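Examination of the molecular architecture
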Amino acid sequence: MARPRDQRARREALIEATYAAGRMHGLRSLSLTDVAAQAGLTRGAILYYYEDLDALLVEAHAAGIERFCDARDAAVAALDDPREQLSAAISGGLPSGPDDALMSLLYEFDVLAGNSALHDELVQKLYLRQLGTYRGILAAGRASGAFAPRLDDEQLAMTFVALEDAYGLHIVGGNALMTVATAEAAMRAVAADLGCPVAR
């Protein structure tokens, strides 16, 4: 039997293979055979670690959420000025480009939510964490006087999440008219107009 550390490493490798295979084939047509080929393993080897493809997808979904949210929250926490924090949150919430495999898969996981209670729960968890990141920054900015928003923090947080999701979907979808720079500039302009100027 594999040692716990080896099992963790193999599970992490299988999640990475799932992201890569999902990006290549799309989640709706993804199979265990696709993941196995990406990982250089047999289907049987994957079934040693996961009961089926759904179990692997749920763990990959959860791991993706943690990776995305934890990385952004760490970048925000390293800054003291709410204006800089908001700037970091905006940048960290958008894909790095059309080839951002993790962000692309997180958007695709939204499609599975309607067919799976577990995926639905994870989609909601991601949304709540996105809201929480912005709420914390907005509250700090309001308290320090750096922000003077005309909307309450909940409405503002919802607006920022909606913008990053909408722009992000266009970016990973390959819309040539929407670049990361364009999306960042638009979100920063909206933030300033709503009374939450970001640091340049």
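Description of the structure in this document. (Residues numbered from 1 in each chain as written. Predicted model: local features only at pLDDT ≥ 70, side-chain atom pairs only at ≥ 80, totals over all residues. Heavy atoms only, no water.)

1. Digging into the overall build of the chain
The number of helices and strands found in the chain is 9 helices and 0 strands. Of the regular secondary structure in the chain, the N- to C-terminal order runs α-α-α-α-α-α-α-α-α. Principal-axis analysis of the C-alpha atoms gives the chain an extent of 60 × 40 × 30 Å. Within the span of the chain, comprising 200 residues, buried residues form 42% of the whole. Sequence separation of at least 24 residues holds for 69% of the intrachain contacts in the chain that already meet a minimum separation of 6. Carbon together with sulfur atoms contributes 55% to the accessible area of the chain, which is approximately 10,000 Å² in total. Computing the positive centroid from 18 side-chain charges and the negative centroid from 27, the chain places the two 4 Å apart. (Helix = DSSP H or I, 4+ residues; strand = E, 2+ residues; numbered from the N terminus. Buried < 20%, exposed > 50% of the residue type's maximum accessible area, 1.4 Å probe, protein only. Contact = heavy atoms within 4.5 Å. Areas by Shrake-Rupley, 256 points an atom, 1.4 Å probe, with all protein chains shown as cover. Lys, Arg positive; Asp, Glu negative; His and termini not counted. Charge placed at Lys NZ, Arg CZ, Asp CG, Glu CD.)

2. Overview of the packing of aromatic side chains
This structure, assessed with the given rule, holds 2 aromatic pairs. Each ring, one from tyrosine 48 and one from tyrosine 49, has its centre 4.8 Å from the other, and the planes form 85°; the classification is edge-to-face. Look at tyrosine 48 and you get partly exposed, because its relative accessible area is 47%. Positioned above the aromatic ring of tyrosine 50 is the side chain of arginine 11, whose terminal nitrogen or guanidinium carbon lies 4.7 Å from the ring centre. (Phe/Tyr/Trp six-rings, centres within 6.5 Å; stacked < 30°, edge-to-face > 60°. Lys NZ or Arg CZ within 6 Å of the ring centre and 35° of its normal.)

3. A look at the pattern of salt bridges
Evaluation of the coordinates by the stated rule reveals 11 salt bridges. Here aspartate 73 makes a salt bridge to arginine 129, at a shortest N to O gap of 3.0 Å. Pair noted here: aspartate 73 is in helix α4 (residues 53-77) and arginine 129 is in helix α7 (residues 117-144), with a separation of 56 residues, a long-range link. Judged by its relative accessible area of 25%, aspartate 73 falls in the partly exposed class. Arginine 129 sits in the partly exposed class, given a relative accessible area of 23%. (Salt bridge = Lys/Arg side-chain N within 4 Å of Asp/Glu carboxyl O.)

4. Examining the environment of leucine 14
By the element assignment, leucine 14 lies in helix α1 (residues 4-25). Take leucine 14: its relative accessible area is 1%, and that puts it in the buried class. In this structure, the C-alpha to C-alpha distance between leucine 14 and phenylalanine 160, residues 146 residues apart in sequence, is 33 Å. With residues up to four places along the chain from it excluded, the contact list for leucine 14 reads Val35, Ala39, Leu41, Ile46, Tyr49, Tyr50 and Leu56.

5. So, the packing of α4 against helix α5 (residues 82-93)
Running from amino to carboxyl end, α4 crosses α5 at an angle of 155°, the nearest separation of the two axes being 9 Å. As the angle between them shows, α4 and α5 are arranged roughly antiparallel. The two elements α4 and α5 cross, and the hand of that crossing is right-handed. On the side of α4, the interface is formed by Phe68, Arg72 and Val76, while α5 contributes Gln85, Ala88, Ala89, Gly92 and Gly93. (Axes fitted to C-alpha atoms, helices over the stretch in contact; angles between N-to-C directions. Parallel < 35°, antiparallel > 145°, perpendicular 65-115°, else oblique. Left-handed = near helix turned anticlockwise from the far one by under 90°.)

6. Focus on the packing of α5 against helix α9 (residues 180-193)
Interhelical geometry of α5 versus α9 gives an angle of 145° and a closest axis separation of 10 Å. The element α5 and its partner α9 pack so that their crossing is right-handed. Each of Leu86, Ser87, Ile90 and Ser91 in α5 lies in contact with α9, whose residues at this interface are Glu184, Met187, Arg188 and Ala191. Tallied by class, residues from the contact of α5 with α9 come to 4 nonpolar, 2 polar and 2 charged. (Nonpolar A, V, L, I, M, F, W, Y, C, P; charged D, E, K, R; others polar.)

7. What to know about α5
One full turn of an α-helix is made of 3.6 residues, so residues set three or four places apart face in the same direction. Over its 12 residues, α5 extends 16 Å from the first C-alpha to the last, a length consistent with the 16 Å expected when each residue adds 1.5 Å. Turning to α5, its buried residues number three or more, namely Pro82, Gln85, Leu86, Ser87, Ala88, Ala89, Ile90 and Gly93. The N-terminus of α5 is capped by aspartate 81, whose side-chain oxygen sits 2.8 Å from the backbone nitrogen of arginine 83. (Expected span 1.5 Å × (residues − 1). Polar contact = N/O pair within 3.5 Å; in protein donor to acceptor, adjacent residues only side chain to side chain.)

8. Regarding the environment of tyrosine 50
Locating tyrosine 50 in the fold gives a position in the loop between α3 (43-49) and α4. For tyrosine 50 and serine 144, which are 94 residues apart along the polypeptide, the C-alpha to C-alpha distance reads 49 Å. There is a polar contact of 3.0 Å between the side chain of tyrosine 50 and the side chain of glutamate 59.

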